[in-house]
Amino acid sequence: MGIQKVGIVGFGAMGSGIAQVCAVAGFDVLVRDVEQRFVDRGNERIAASLARVVKSGKLTEAEATAARGRVKGTLALADFGDRDLIIEAVVEVLDAKKEVFGELDRVCGPATIFASNTSSLTIVEMAATTKRPDRFAGLHFFNPPVMMPLVEIVKAITTSDATIEALRDFVQRLGHTGVVCTDSTGFIVNRLLVPYLNSAVRMLELGVASAEEIDQAVKLGLRHPMGPLELIDYTGVDINYHVANVFFEEFKDPTMAPPPLLRRMMLAGHLGVKTGKGFYEYDEKGKRKT
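Residues numbered from 1 in each chain as written. Predicted model: local features only at pLDDT ≥ 70, side-chain atom pairs only at ≥ 80, totals over all residues. Heavy atoms only, no water.

J.: Help me get a handle on the overall build of the protein chain, residues and values and all.
T.: Within the protein chain, the regular secondary structure consists of eleven helices and eight strands. Taking 2.2 N^0.38 as the reference for a compact globule, 290 residues should give roughly 19 Å; the C-alpha atoms of the protein chain span a radius of gyration of 19 Å, in line with that estimate. For the protein chain, buried positions account for 45% of its 290 residues. Residue pairs in contact within the protein chain that sit at least 24 positions apart in sequence constitute 67% of those at least 6 positions apart. Per element, the accessible surface of the protein chain, about 14100 Å² overall, is 56% carbon and sulfur. Positive and negative side-chain charges in the protein chain, numbering 34 and 36 respectively, have mean positions lying 3 Å apart. (Helix = DSSP H or I, 4+ residues; strand = E, 2+ residues; numbered from the N terminus. Rg over C-alpha atoms; globule rule 2.2 N^0.38 Å. Buried < 20%, exposed > 50% of the residue type's maximum accessible area, 1.4 Å probe, protein only. Contact = heavy atoms within 4.5 Å. Areas by Shrake-Rupley, 256 points an atom, 1.4 Å probe, with all protein chains shown as cover. Lys, Arg positive; Asp, Glu negative; His and termini not counted. Charge placed at Lys NZ, Arg CZ, Asp CG, Glu CD.)

J.: Could you give an account of empty space enclosed by the protein, naming the residues involved and the relevant values?
T.: By the definition in use, this model includes one cavity of 30 Å³ or more. In this structure, the largest cavity encloses a volume near 40 Å³. What lines the largest cavity is simply Val194, Leu197, Asn198, Ile232, Asn240, Ala244 and Leu262. Elements supplying a minimum of two residues to the lining of the largest cavity: helix 7 (189–205) and helix 10 (237–251). Top contributing element to the lining of the largest cavity by residue count: helix 7, with three residues. (1 Å grid on protein atoms, 1.4 Å probe; cavity = no way out; pocket = protein on both sides within 12 Å on 5 of 7 lines; lining within 4 Å. Points joined across faces, edges and corners; volume = space filled by probe spheres on them.)

J.: Now, about the packing of helix 1 (residues 13–24) against helix 2 (residues 36–56): what can you tell me, with residues and values included?
T.: As a packed pair, helix 1 and helix 2 sit with axes 9 Å apart at the nearest point and diverge in direction by 55 degrees. Judged by the angle between their axes, helix 1 and helix 2 are oblique. The way helix 1 lies across helix 2 gives a crossing that is right-handed. On helix 2, the residues that touch Ala13, Ser16, Ala19, Gln20 and Val24 of helix 1 are Gly42, Arg45, Ile46, Ser49, Leu50 and Val53. For the contact of helix 1 with helix 2, the residue count by class is six nonpolar, four polar and one charged. (Axes fitted to C-alpha atoms, helices over the stretch in contact; angles between N-to-C directions. Parallel < 35°, antiparallel > 145°, perpendicular 65-115°, else oblique. Left-handed = near helix turned anticlockwise from the far one by under 90°. Nonpolar A, V, L, I, M, F, W, Y, C, P; charged D, E, K, R; others polar.)

J.: Any details on unusual backbone geometry? Residues and values, ideally.
T.: Leaving glycine out, the prevailing phi sign among residues is negative, and the prevailing peptide bond configuration is trans. Asparagine 143 connects to proline 144 through a cis peptide bond whose omega is -5 degrees. With respect to the element layout, proline 144 can be found in the loop between strand 6 (136–141) and strand 7 (150–155). The phi angle at arginine 223 is positive, at roughly 60 degrees, despite the residue not being glycine. Considering the arrangement of structural elements, one finds arginine 223 in the loop between helix 8 (211–221) and helix 9 (228–235).

J.: Outline the nonpolar core, supporting the account with residue identities and numerical values.
T.: Core analysis: the largest hydrophobic core is formed by 35 residues, its most contacted members being Val29, Leu85, Leu139 and Phe170. With six residues, helix 1 is the single largest residue contributor to this core. What leucine 139 contacts, discounting residues up to four positions off in sequence, is Leu85, Ile87, Ala115, Ser116, Asn117, Val151, Glu152, Ile153, Leu167, Phe170 and Val171. Residues Met126, Val154, Phe187 and Val246 belong to the second largest nonpolar core, which totals 21 residues. (Core = buried A, V, L, I, M, F, W, Y, C linked by side-chain atoms within 4.5 Å.)

J.: An account of the pairing of strand 7 is needed here, citing residue identities and associated values.
T.: When strand 6 meets strand 7, the two strands line up antiparallel, connected through four bridges. Pairing of glycine 138 across the sheet is with valine 154, part of strand 7. Note: strand 7 against strand 8 (residues 177–182), six bridges, orientation parallel. Considered in strand 8, the bridge of glutamate 152 is made with valine 179. Handedness of the crossover joining strand 7 and strand 8 through helix 6 (residues 161–173) is recorded here as right-handed. (Pairing = 2+ DSSP bridges. Right-handed = clockwise from strand over helix to strand, strands pointing away.)

Spelled out as structure tokens, the structure:
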């Protein structure tokens with residue numbers, strides 16, 4: 001029967017988005033977070049998102065209700081023993097991810113596939129903490145998973161071909177498009193994206209143009225839906241700073257090092273949409289102030 005029961009560890013913005021996509025596609029979904037308030041918040045996020053999808057006419061109310069019913073929450077990793085696939089979507093810190101997978105490896109049977117939603121960390125380093133490196137891969141969804149159709153399927157040097165084929169089939173059943181890549185830091189998209197975003201920040205630092213002018217030029221000149229500085233605000237200044245650091249540590253390429261301005265913004269708490277201030281200012285609903 002292939003993958004039927006999916007587990008997701010981490011019920012934040014990415015975890016709830018992945019859970020929604022899986023539930024709408026008909027999968028039985030179990031989601032875990034460390035506190036009940038985070039589980040409740042994740043469920044609220046899915047309910048609000050599904051309501052918007054119903055309003056757009058892409059789902060019926062009955063289909064949305066059925067999808068919500070397929071998502072169950074828990075605080076215990078011990079409940080994941082019956083899952084066919086587990087997707088980790090916790091904080092982008094290697095030790096935290098390794099701890100999760102170490103515990104899951106003791107709970108789950110040998111047939112369960114493990115996947116990390118990491119955007120920058122090395123898959124094989126996580127796989128090495130388990131007894132199933134052949135059934136361990138990356139599944140990098142893009143934010144927000146409900147709208148972004150791409151998933152990078154990351155094959156480590158230990159990942160079996162059978163695991164990759166199972167994940168290809170899973171992604172296709174979600175209605176998403178999977179691209180397979182090797183376990184190289186940043187995979188495909190972020191390997192291209194990080195130097196581009198860094199360059200935009202450095203242009204701002206050098207006074208080449210204002211944030212608004214840089215973003216406008218990219219949107220109109222390159223036909224990007226969002227400018228680079230807007231994108232950093234949306235994904236989080238702290239996230240971009242952390243990912244750039246990971247890249248620089250791996251490649252020692254100056255174009256991948258985080259610009260000083262990112263560090264200063266992070267220290268000031270100007271993290272973008274989530275704090276109300278980044279390169280731009282935002283209201284409590286995340287809408288940019290004019």
